[in-house]
Amino acid sequence: MAQTPHKDKILAAMNNPRCSDKDKKILLKALRAYETWVADMDKVTSSGKDRVVELTKLLNQYKDHLEAELVIRSGSHFLIRQKG
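First things first, this report covers the structure right here in the doc. Small disclaimer: the values here were computed from a predicted structure and weren't measured. (Residues numbered from 1 in each chain as written. Predicted model: local features only at pLDDT ≥ 70, side-chain atom pairs only at ≥ 80, totals over all residues. Heavy atoms only, no water.)

1. Quick look at the overall build of the protein
As a reminder of what qualifies: Comment: elements are numbered from the N terminus, with helices defined as DSSP H or I runs of at least four residues and strands as E runs of at least two. Here, two residues are considered to be in contact whenever any of their heavy atoms come within 4.5 Å of each other. Note on areas: Shrake-Rupley, 1.4 Å probe, and residue coverage restricted to the protein chains presented here. We score Asp and Glu as negative and Lys and Arg as positive, and we do not count His or the chain ends. In this description, the location of a charge corresponds to atom NZ of lysine, CZ of arginine, CG of aspartate or CD of glutamate.
For the protein, the helix and strand inventory stands at four helices and zero strands. When the helices and strands of the protein are read in sequence order from the N terminus, they spell out α-α-α-α. Oriented by its inertia axes, the alpha-carbon framework of the protein measures out at about 45 × 30 × 20 Å. Relative to all contacts within the protein whose residues are 6 or more apart in sequence, the contacts with residues 24 or more apart total 57%. When the accessible surface of the protein is split by element, carbon and sulfur atoms take 55% of a total near 6,300 Å². A gap of 6 Å separates the mean positions of the 16 positive and 11 negative side-chain charges of the protein.

In structure tokens form, the structure reads like this:
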């Protein structure tokens with residue numbers, strides 16, 4: 001079975017009893033962003049340095065979307081305190 005640490009963290013946060021309905025909606029958006037990120041990585045066909053550059057760009061886009069667009073702008077203390 002493939003390891004999915006990012007997805008596992010999102011799902012764990014969604015299942016946390018302290019997670020509000022508002023936060024669950026945000027986490028659902030994060031899960032969709034994760035799935036898009038994985039699909040985009042699977043589409044990368046380059047190799048070597050070009051592959052590393054493309055994958056790094058995708059990772060940074062995913063990370064920035066999660067941190068800035070979903071977590072910080074939500075103002076949710078629950079989401080800001082999550083690790084991972």
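Next comes the rest of the account.
2. Points about the pattern of salt bridges
Here is the rule: Basic side-chain nitrogens of Lys or Arg form a salt bridge, by our definition, when they fall within 4 Å of a carboxyl oxygen of Asp or Glu. Whether a residue is buried, partly exposed or exposed follows from its accessible area with a 1.4 Å probe, protein chains only, as a fraction of its type maximum: under 20%, in between, or over 50%, in that order.
Throughout the structure, instances matching the rule amount to two salt bridges. A salt bridge links Lys43 to Asp40, with the shortest nitrogen-to-oxygen separation between them at 3.9 Å. Here the residue Lys43 and the residue Asp40 both occupy positions in helix H2 (residues 21-43), the gap between them amounting to three residues, near one helical turn. For Asp40, a relative accessible area of 28% gives the class partly exposed. Note that Lys63 and Glu67 form a salt bridge whose closest N and O atoms lie 3.4 Å from each other. One end of the pair, Lys63, and the other, Glu67, are both in helix H3 (residues 48-74), four residues apart, so they sit about a helical turn from each other. Owing to a relative accessible area of 38%, Lys63 belongs among the partly exposed residues under this scheme.

3. Concerning helix H1 (residues 5-15)
Definition in use: Of all possible arcs, the one meant is that of the directions from the helix axis to the C-beta atoms.
Taken together, the buried positions of H1 are Ile10, Ala13 and Met14. Angularly, the buried residues of H1 cover 100° about the axis, an arc narrow enough to put them on a single face. Away from its buried face by more than 90 degrees, H1 exposes Pro5 and Asn15. On its buried face, H1 sits against H2, H3 and helix H4 (77-80).

4. Remarks on the nonpolar core
The test is simple: Each nonpolar core is a collection of buried residues, namely Ala, Val, Leu, Ile, Met, Phe, Trp, Tyr and Cys, held together in the definition by side-chain atoms within 4.5 Å.
In this structure, Ile10, Leu27 and Tyr62 are the most contacted members of the largest nonpolar core, which totals 18 residues. For this core, the secondary structure elements donating two or more residues are H1, H2, H3 and H4. Broken down by element, this core gets its largest block of residues, seven residues, from H2. Here Tyr62 is in contact with His6, Ile10, Ala33, Tyr34 and Trp37, once residues within four sequence places are set aside.

These figures capture arrangement, not role.
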